[in-house]
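# Residue-level structural notes
Each chain, written out:
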Amino acid sequence: DGKPLSVTQSSSSVESGAVDSSRRWIRDVALGGDHTVLLSSNRKDVIVFGKGGENQLGLSSKPWVSSPAKSKVLSSASGNISAVCAFRNC
């Protein structure tokens, strides 16, 4: 059902549906020629990094993003993103 599994520290059993809200889980990944796009499991947050000089990251003032950053332009408030896509020279 898309819920991550977590291991409890008190035993070696795995509990289905136990979610650590401090972590983000990845639903989809797209690799471009010089950039990477991630979709969070909440289907709202799009995380990007790499070359963004042509605004392909949705971060218009950043020609290069060396660590993952949330793209407000590509993210959605409603949580209805199904997948992400990245192309070379798109």
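Scroll up for the structure.
An account of the accompanying structure is given in this report. (Residues numbered from 1 in each chain as written. Predicted model: local features only at pLDDT ≥ 70, side-chain atom pairs only at ≥ 80, totals over all residues. Heavy atoms only, no water.)

As a further point, take the overall build of the chain. In terms of regular secondary structure, the chain is built from 0 helices and 6 strands. Taken from N to C terminus, the helices and strands of the chain fall in the order β-β-β-β-β-β. Taken across its 90 residues, the chain has 29% of its residues classed as buried. Pairs at least 24 apart in sequence give 31% of the contacts found in the chain among residues at least 6 apart. Put simply, the chain shows about 6,300 Å² of open surface, and 49% of that area lies on carbon and sulfur atoms. (Helix = DSSP H or I, 4+ residues; strand = E, 2+ residues; numbered from the N terminus. Buried < 20%, exposed > 50% of the residue type's maximum accessible area, 1.4 Å probe, protein only. Contact = heavy atoms within 4.5 Å. Areas by Shrake-Rupley, 256 points an atom, 1.4 Å probe, with all protein chains shown as cover.)

Moving on to the sheet that holds strand S5 (residues 46–51). Through backbone hydrogen bonds, the strands of a sheet pair up, either in parallel or in antiparallel fashion. Spatial strand order, S3-S4-S5-S6: 4 strands in an open sheet with antiparallel pairing. Each edge of the open sheet is held by one strand with a lone partner, namely strand S3 (26–31) and strand S6 (64–70). Pairs of neighbouring strands in the sheet enclose a mean axial angle of 10°, with direction left out of account. In terms of strand pairing, S5 meets S6 through 4 bridges, oriented antiparallel. Each bridged residue has a counterpart across the sheet, and for Ile47 the counterpart in S6 is Lys70. (Pairing = 2+ DSSP bridges. Axes fitted to C-alpha atoms, helices over the stretch in contact; angles between N-to-C directions.)

Backbone geometry at Arg43 places phi at a positive 60°, although glycine is not the residue there. By secondary structure assignment, the location of Arg43 is in the loop between strand S4 (35–40) and S5. Backbone geometry at Asn55 places phi at a positive 65°, although glycine is not the residue there. Inspection of the secondary structure puts Asn55 in the loop between S5 and S6. Accessibility expressed as a relative area gives 41% for Asn55, which makes it partly exposed.

Turning our eyes to something else, we now look at the pattern of salt bridges. Per the stated rule, a full pass over the model turns up 1 salt bridge. Residues Asp45 and Lys70 are paired through a salt bridge, measuring 3.1 Å at the closest nitrogen-oxygen approach. With a gap of 25 residues between them, Asp45 in the loop between S4 and S5 and Lys70 in strand S6 connect regions that are remote in the sequence. Under the relative-accessibility criterion, Lys70 is labelled partly exposed at 41%. (Salt bridge = Lys/Arg side-chain N within 4 Å of Asp/Glu carboxyl O.)

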